[in-house]
Amino acid sequence: MKDCIKADGLTVRFSDVLVLDHLSFEVPEGMIFGLLGPSGAGKTTLIKVLTGQLCQNEGEAQLFGKDTRRLTAAEHRSIGAMMDNYGLYERLSVYENLSFYADIYGVSHRVIPDILKSIGLYDARRTAVSKLSKGMTNRLSLARALMNNARLLFLDEPTSGLDPATTREIHDVLLDQRKKGTTIFLTTHNMFEAESICDHVILLHKGSIIEQGKPSDICRRYDHQNKLHITLTDGTELTLDNNGASAPAVNEYLEQNRIRSIHSSEPTLETVFIELTGTGLMADADLRFAPPRRENAPK
Amino acid sequence: MKNTITIFKKQIKDTLRNKTVLIQFLMFPVMTLIMNNTVKIPDMPENFFVNLFAAMYIGMAPLTSIAAVISEEKEKNTLRVLIMSNVRPCEYLLGIGSYVWLACMTGSLVICISGHYDRKTGLLFMGIMAVGILISLLIGAVIGIGSRTQMMATSITVPVMMIFSFLPMLSLFNGTVAKIARFVYSEQISRMLGSIDSLEFTAERAGIIGVNICIAVLAFMAAFRKCNLA
């Protein structure tokens, strides 16, 4: 699989502040790649460098094998971006915004209705952007990013502040894009999002990579407790070691038909992050999607 | 060129729904139409309101509207998205600038019609307005490029606009102000419009306007290089 993005020793400083500290990573094509970190970790700065909006002080950043500081018009056209601030024209309608960008991208206006339908905004196509809800504005921003059939999508916190239903809709769109072969680079401080849709994540803290890999692999790597949580039919909650020594007890409860639920317990990305840094991922983010500790599906 | 035209068309739609900018384009032409046709004072110079409002229009409308448009695009990140969409800064500035220039020229046409000039004088009037609007556009663009937010742009635009638009009027009443104001393009344009029937292009007049254009172009280039829109 070819690398879509490659960073090698990427360093950015704002005056004396080190914002990105020698980041090195590769993003293969067709992957949903998550950059996980709290606000101020350097996520948006990294996107700005990768999209050529900002120049690094040291190191190399490449998109499709080309230096991000020297991207051609064709390479720019194969990138879609949804940034933290929407960048939409508030006085124009949903349709007018997309038709404007269609002209900029050189895309036929005929694709607009299909995009609006796929993102659930067709009925609101004549509504001014200023009158849309936050979720609808997010979807419109995503629609604009999808418009030019980009090979690579940069999404800066695409579901921040959205309700679970809208978040799910956006996740479905992203998973659909991955099926089509689009590479997606998204930043988030929502560990649930990272675990549920990302193929590979980087945990970023104060501009440095502190951990990376498949979300499930990272969680397994930091599973020091290795426990089983059992809830019995009478409401009693038990915690047992997740090994052979607990087998007789578990068997006995099963034979007596006394088990209401049984879960393995392993850390979430959130708890891994806290273990590595001593601070939370969602310090100033929405906590709605963050259960304190993930419990796997009942066995 | 395609991007410039697209931005131009977008700006027409946007302005029609942006009362703040729309009013800048309409206020002085409408006021000229009304005042020139309704107010008749004995011994008042011919086309007094046309000349007065035309000079004020030059100092106000292009300057405030282009600064507002650029700073709003910067503040709301639409400009960043455009640049990321491979729109070159010069294409953007050309699209916005040509739009504001044409909108102001349309307003100038209304003022010109209010003056009931003959064809030759009317063309001369429009030519003078075109130069004045261009200088104001460059100054407004400098403010817009240099400002991060609309609020910041407004706080700079208002005093600058007051100087350029009110100097011609103040110099009518105060000789000292007139001596200083003669070095400012809006005053020179006001004087040219005031004597449009017997207009003479003196070396001094051409020199002052030329220096004003050079200063505006240099300021624009410096702002563009330093801030580069992004």
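In this text, all values refer to a predicted model and were calculated from it rather than measured experimentally.

Calculation criteria
Residues numbered from 1 in each chain as written. Chains lettered and ligands numbered in written order. Predicted model: local features only at pLDDT ≥ 70, side-chain atom pairs only at ≥ 80, totals over all residues. Heavy atoms only, no water. Domains from an automatic or database assignment. Contact = heavy atoms within 4.5 Å. Buried area = accessible area lost by both parts, 1.4 Å probe. Salt bridge = Lys/Arg side-chain N within 4 Å of Asp/Glu carboxyl O. Polar contact = N/O pair within 3.5 Å; in protein donor to acceptor, adjacent residues only side chain to side chain. Helix = DSSP H or I, 4+ residues; strand = E, 2+ residues; numbered from the N terminus. Nonpolar A, V, L, I, M, F, W, Y, C, P; charged D, E, K, R; others polar. Buried < 20%, exposed > 50% of the residue type's maximum accessible area, 1.4 Å probe, protein only. Pairing = 2+ DSSP bridges. Axes fitted to C-alpha atoms, helices over the stretch in contact; angles between N-to-C directions. Core = buried A, V, L, I, M, F, W, Y, C linked by side-chain atoms within 4.5 Å. pLDDT = per-residue confidence, 0-100. Right-handed = clockwise from strand over helix to strand, strands pointing away. Patch = residues over 30% accessible without salt bridge, like charges linked within 9 Å, V, L, I, M, F, W, Y side chains within 5 Å. Areas by Shrake-Rupley, 256 points an atom, 1.4 Å probe, with all protein chains shown as cover. Parallel < 35°, antiparallel > 145°, perpendicular 65-115°, else oblique. Left-handed = near helix turned anticlockwise from the far one by under 90°.

Residue and element names in this part refer to chain A. Domain annotation for chain A reports domain 1 (3-218) and domain 2 (221-277). The gap between the C-alpha centroids of domain 1 and domain 2 is 37 Å. Contact with domain 1, which involves 17 residues of that partner, is made by nine residues of domain 2. Summing the contributions of domain 1 and of domain 2, the shared interface buries around 1100 Å²; its carbon and sulfur component is 65%. Across the domain 1-domain 2 interface, the total number found is one salt bridge. Linking Glu-211 and Arg-221 is a salt bridge whose minimum nitrogen-to-oxygen distance equals 2.6 Å. Inspection of the region where domain 1 meets domain 2 yields six residue pairs in polar contact (both at pLDDT 80 or more). Broken down by secondary-structure element, the contributors of at least two residues to the side of domain 1 that touches domain 2 are α7 (191-197), β9 (200-205), β10 (208-213) and α8 (215-221). Residues belonging to the side of domain 1 that touches domain 2 are distributed by class as follows: 10 nonpolar, four polar and three charged.

Moving on: helix α10 (residues 269-277) of chain A. Buried residues of α10 of chain A: Leu-269, Glu-270, Thr-271, Val-272, Phe-273 and Thr-277 of chain A, and no others. Two residues or fewer past α10 of chain A, Gly-278 of chain A is found with a positive phi of approximately 80 degrees.

All names here are of chain A. Taken in spatial order, the four strands of this open sheet run β2-β1-β4-β5, and their pairing is antiparallel. Sheet topology places β2 (17-28) and β5 (66-67) at the edges, where each strand pairs with a single neighbour. Pairing between strand β1 (residues 3-14) and β2: eight bridges, direction antiparallel. Across the sheet, the residue bridging to Val-12 is Leu-20, located in β2. Contacts from helix α1 (residues 43-50) reach β1, β2 and β4 (58-63) within the one sheet, and its direction differs from that of β2 by about 60 degrees.

Let us now look at the interface of chain B and chain A. Counting from both sides, the interface comprises 21 residues of chain B and, opposite them, 26 residues of chain A. Of the roughly 2200 Å² buried at the junction of chain B and chain A (both faces included), carbon and sulfur atoms supply 55%. The largest share of the area that chain B buries against chain A comes from Arg-17, Arg-80 and Met-84 of chain B, three residues that together contribute 28% of it. At the boundary of chain B and chain A, one finds four salt bridges. Its salt-bridge partner being Lys-76 of chain B, residue Glu-90 of chain A comes within 3.4 Å of it at the nearest N-O pair. At the boundary of chain B with chain A, the tally comes to seven residue pairs in polar contact (both at pLDDT 80 or more). Here the element with the most residues in the side of chain B that touches chain A is helix α1 (residues 2-16) of chain B; it accounts for seven residues.

Turning next to the nonpolar core. Ranked by size, the top nonpolar core spans 112 residues in total, and within it Leu-142 of chain A together with Tyr-92 and Phe-125 of chain B carry the most contacts. Element by element, the count of residues in this core is highest for helix α3 (residues 48-75) of chain B, at 15 residues. When residues are assigned to domains, this core turns out to be shared by domain 1 (3-218) and domain 2 (221-277) of chain A, each giving three or more. Among all residues touching Leu-142 of chain A, those that are not within four sequence positions of it are Met-82, Ile-119, Leu-155, Ile-170, Val-173 and Leu-174 of chain A. Ranked by size, the runner-up nonpolar core spans 31 residues in total, among them Phe-33, Phe-64, Ile-79 and Ile-202 of chain A.

On to the confidence of the model for chain A. Residues and elements named next belong to chain A. In this model, chain A carries an average pLDDT of 83, and 92% of its residues clear a pLDDT of 70 or more. The secondary-structure element of chain A with the lowest mean pLDDT is helix α2 (residues 73-77), recorded at 78, while helix α3 (residues 94-105) shows the highest, at 91. Note that pLDDT drops below 50 for residues 284-299; the model gives that stretch 42 contacts with residues more than four away or on any other chain.

Right, let's get into the environment of Gly-161 of chain A. Residue and element names in this part refer to chain A. The topology assignment puts Gly-161 in the loop between β7 (152-156) and α6 (164-179). Classification of Gly-161 as partly exposed rests on a relative accessible area of 35%. Spatially, the C-alpha atoms of Gly-161 and Phe-64 are 32 Å apart, while their sequence positions differ by 97 residues.

All right, on to the pairing of strand β8 (residues 183-188) of chain A then. All names here are of chain A. Across the six residues that make up β8, a large majority, six, are buried. What you see with β8 is no split at all: Thr-183, Phe-185 and Thr-187 on one side and Ile-184, Leu-186 and Thr-188 on the other are buried throughout. Relative to β8, strand β3 (residues 32-36) runs parallel, the two sharing five bridges. In the strand pairing of β8, Ile-32 is matched with Ile-184. When β7 meets β8, the two strands line up parallel, connected through five bridges. From the neighbouring strand, Asp-156 faces β8, where its bridge partner is Thr-187. What joins β7 to β8 is α6, and the crossover it makes is right-handed.

Before going further, it helps to spend a moment on a nonpolar patch on the surface. Residue and element names in this part refer to chain B. The grouping of Val-131, Ile-213, Val-217, Leu-218 and Met-221 at the surface amounts to a nonpolar patch, some 380 Å² of accessible area in total. No other element matches the four residues that helix α10 (residues 203-227) contributes to the nonpolar patch. Taking the relative accessible area as the measure of exposure, Leu-218 reaches 57% and is therefore exposed.

Next up on the list: the sheet that holds strand β11 (residues 227-232) of chain A. All names here are of chain A. Judged by pairing direction, the sheet is antiparallel, and its three strands sit side by side in the order β12-β11-β13 without closing on themselves. Only two strands of the sheet have a single neighbouring strand rather than two, namely β12 (237-241) and β13 (259-265). On average, each strand axis in the sheet is tilted by 20 degrees relative to the strand beside it, whichever way the strands run. Alignment of β11 against β13, held across six bridges, turns out to be antiparallel. Across the sheet, His-229 pairs through a bridge with His-263, a residue of β13.

Turning our eyes to something else, we now look at the packing of helix α5 (residues 89-114) of chain B against helix α6 (residues 119-146) of chain B. All names here are of chain B. It is the contact of α5 with α6, at a shortest axis distance of 9 Å, that shows an interaxial angle of 140 degrees. Relative to α6, the element α5 lies oblique. Relative to α6, the crossing made by α5 is right-handed. In this structure, α5 contributes Leu-93, Gly-97, Val-100, Trp-101, Cys-104, Met-105, Ser-108, Leu-109, Ile-111 and Cys-112 to the contact, and α6 contributes Gly-122, Phe-125, Met-126, Met-129, Ala-130, Ile-133, Leu-134, Leu-137 and Ile-145. In terms of residue class, the contact of α5 with α6 is built from 16 nonpolar, three polar and no charged.

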